[in-house]
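# Secondary and tertiary structure notes
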Amino acid sequence: MTAQGTSSDSDDVLRILRPDGTIEPGRAPGLTVAEVVELYRAMVRTRMLDERLVMLQRQGRIGFHIGSLGEEATVLGTAWVMRPQDFIFPCYREFGAALLRGMTLQSYLDNMFGNGRDLAKGRQMPDHITARGARFGSVSSPIGTQITHAVGYAWSCKLQRQDVVTLVWFGDGATSSSEFHNGMNFAGVYQVPALLVCRNNGWAISVPTGGQTASESIAEKGRAYGVRSVRCDGNDLFAVVAAGREAVARASRGEGPTFLEALTYRMSGHSTSDDPNAYRLDDELEPWKKRDPIARVRAWLVGQGAWDDGLDAELEGSFDVEVKAAIASAEEAARPELSTLFDDVYAQLPAHLREQRDQLLRGPRPAGDH
Ligand SMILES: Cc1ncc(C[n+]2csc(CCOP(=O)(O)OP(=O)(O)O)c2C)c(N)n1
Ligand SMILES: [Mg+2]
């Protein structure tokens, strides 16, 4: 079985920017050149970080990384359309969006090293970020749980008549989870202001989309719940932005949720803990390399006279300096204090936990003291 389910050539798939950087007849980019430059820079930075973090993991300096290689247009395009008051419920591949929303690079890297400055206090795996200030919730690893969170939050905003739309990302595999069905049903019945985005990247670890569902498309599953459901080429930044913008405008006008199936491809392994050579042929990557979401935007920008090799070198050079400094600072920063392990669960620490904390802080008991 292969990941054929992700073909973005069907007629019901919105496409605007072709792989060669030209625009489909009758369509427009929908973004200014300056906006495209900003998004292109964000996509390149996300990819550079992805590559750097894999190297750090291979060198044993961080424990884990899960990236968005090949999925940058889906992730950054949908984050881009969200307004400042909107709230994002992430999956685990969307660190680039957190940075776009205002999380600092240093804060992200503090999480990757689990140091004492990490907003998750070093208690989470790397990439399990949280950035409340950017209205970007905690990364949800248990498959699909963020869907019900996003729908519930959107419902509460609707009840309180607040103009807030929620965005939630999840994978193709997550559409088999009970949380997907609970969330979709609730979204449909209560017509909540949410944009639900399935990054259909062809794989759920080693299970191809074709082995995940017998439905003709993932979008079809949303229609079954009365949720407006659309598909777009997830490697086409302009199509992602157009579909996302319309969804946010509708939700804000009280016209309910949109389910967006973005057809893309996971160009890397599932995470640094996975070896895709065990289940995927390299041949499968080739057609997707030709549809690379970043190369496509670059080709359009070059066509507009707005980008060239010199600007790439400048962008890569300055980001390299920034990343190296942030990595050095994150790596050198002190680890979280041991005592903080006991914080944040109880307002007043119960006696038995106080005892355990004090024992821990005293260090190992002397030999023979049993
Ligand atoms: C409830 C639950 N079951 C199993 C897992 C292990 N797991 C982690 S990621 C994953 C596959 C998810 O695939 P998909 O939803 O397509 O997202 P992708 O990783 O492709 O972005 C699985 C099975 C988990 N995290 N949670
Ligand atoms: Mg997937």
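Rules used throughout
- Residues numbered from 1 in each chain as written.
- Chains lettered and ligands numbered in written order.
- Predicted model: local features only at pLDDT ≥ 70, side-chain atom pairs only at ≥ 80, totals over all residues.
- Helix = DSSP H or I, 4+ residues; strand = E, 2+ residues; numbered from the N terminus.
- Buried ≥ 20, exposed ≤ 12 C-beta atoms within 10 Å, placed from the backbone.
- Contact = placed C-beta atoms within 7 Å.
- Core = buried A, V, L, I, M, F, W, Y, C linked by C-beta atoms within 7 Å.
- Near = placed C-beta within 6 Å.
- Nonpolar A, V, L, I, M, F, W, Y, C, P; charged D, E, K, R; others polar.
- Domains from an automatic or database assignment.
- Axes fitted to C-alpha atoms, helices over the stretch in contact; angles between N-to-C directions.
- Left-handed = near helix turned anticlockwise from the far one by under 90°.
- Expected span 1.5 Å × (residues − 1).
- Parallel < 35°, antiparallel > 145°, perpendicular 65-115°, else oblique.

### Observations concerning the overall build of the protein
- A count of helical and extended segments in the protein gives 12 helices and eight strands.
- Judged by the C-alpha coordinates and their principal axes, the protein covers about 80 × 50 × 40 Å.
- When each of the 370 residues of the protein is scored for burial, the buried share is 45%.
- For the protein, contacts bridging at least 24 residues in sequence account for 76% of all contacts bridging at least 6.

### Notes on the nonpolar core
- Leu 76, Ala 98, Val 168, Ala 194, Leu 195, Val 197 and Ala 239 are the most contacted members of the largest nonpolar core, which totals 87 residues.
- Ranked by residue count, the leading element in this core is helix H8 (residues 237-252), at 10 residues.
- Dropping the residues within four chain positions of it, Ala 194 is found in contact with Ala 150, Val 151, Ala 154, Val 165, Thr 166, Val 168, Ala 187, Ala 251 and Pro 257.

### Observations regarding the site of ligand 1
- Neighbouring residues of ligand 1: 16 residues in total, closest Ile 143, Gly 171, Gly 173, Ala 174 and Ala 204.
- Counting only elements with at least two residues in the shell around ligand 1, the list comes to strand S3 (166-171) and strand S5 (203-204).
- Split by residue class, the shell around ligand 1 holds seven nonpolar, five polar and four charged.

### Looking at the environment of Cys 232
- Within the element layout of this structure, Cys 232 appears in strand S7 (residues 228-233).
- Each C-alpha atom of the pair Cys 232 and Glu 261 lies 6.4 Å from the other, and the pair is 29 residues apart in sequence.
- Look past the residues within four positions of Cys 232 in its chain and what remains in contact with it is Val 13, Leu 14, Ala 239, Val 240, Ala 243, Leu 260 and Ala 262.

### Here's the deal with the domain arrangement of the protein
- By the assigned domains, the protein splits into domain 1 (4-336) and domain 2 (339-370).
- Between the C-alpha centres of domain 1 and domain 2 there is a distance of 40 Å.

### So, the packing of helix H2 (residues 72-80) against H8
- In contact at an axis separation of 8 Å, H2 and H8 are set at 35° when each is read in the N-to-C sense. Where H2 crosses over H8, the two elements pack in a sense that is right-handed. Note on element contacts: H8 touches H2 through Leu 237, Val 240, Val 241 and Gly 244, opposite Ala 73, Thr 74, Gly 77, Thr 78 and Trp 80.
- Each residue belonging to the contact of H2 with H8 can be placed in one class, and the counts come to five nonpolar, four polar and no charged.

### What about helix H5 (residues 145-159)?
- With 15 residues, H5 ought to run about 21 Å at 1.5 Å a step, and its terminal C-alpha atoms sit 22 Å apart, in line with that.
- Buried within H5 we find Gln 146, Ile 147, Thr 148, Ala 150, Val 151, Ala 154, Cys 157 and Lys 158.
- Buried-residue contacts for H5 involve strand S2 (87-89), S3, helix H6 (178-190) and strand S4 (194-200).
- Arg 161 lies just past H5 and shows a positive phi near 55°.

### As for the packing of H5 against H6
- It is the contact of H5 with H6, at a shortest axis distance of 7 Å, that shows an interaxial angle of 20°. As judged from the angle between their axes, H5 and H6 are roughly parallel. By crossing handedness, the relation of H5 to H6 is classed as left-handed. Across the interface between the two elements, Thr 145, Ile 147, Thr 148, Val 151 and Trp 155 of H5 pack against Glu 179, Phe 180, Asn 182, Gly 183, Phe 186, Ala 187 and Tyr 190 of H6.
- In terms of residue class, the contact of H5 with H6 is built from seven nonpolar, four polar and one charged.

### Section: the environment of Gly 77
- Structurally, Gly 77 is set in helix H2.
- Here Gly 77 falls in the buried class, since 29 other C-beta atoms lie within 10 Å of it.
- When the C-alpha positions of Gly 77 and Val 241 are compared, they lie 5.1 Å apart, and in sequence the two are 164 residues distant.
- Filtering out sequence-adjacent residues up to four positions away, Gly 77 remains in contact with Leu 237, Val 240, Val 241 and Gly 244.

### Description of unusual backbone geometry
- At Arg 161, a residue that is not glycine, the phi angle is positive and equals roughly 55°.
- On the secondary structure map, Arg 161 appears in the loop between H5 and S3.
- Judged by C-beta crowding, with 7 C-beta atoms within 10 Å, Arg 161 ranks as exposed.
- Despite not being glycine, Asp 344 shows a phi value in the positive range, around 80°.
- Tracing the sequence through the fold places Asp 344 in the loop between helix H11 (309-332) and helix H12 (351-362).
- Since 9 C-beta atoms lie within 10 Å of it, Asp 344 is described here as exposed.

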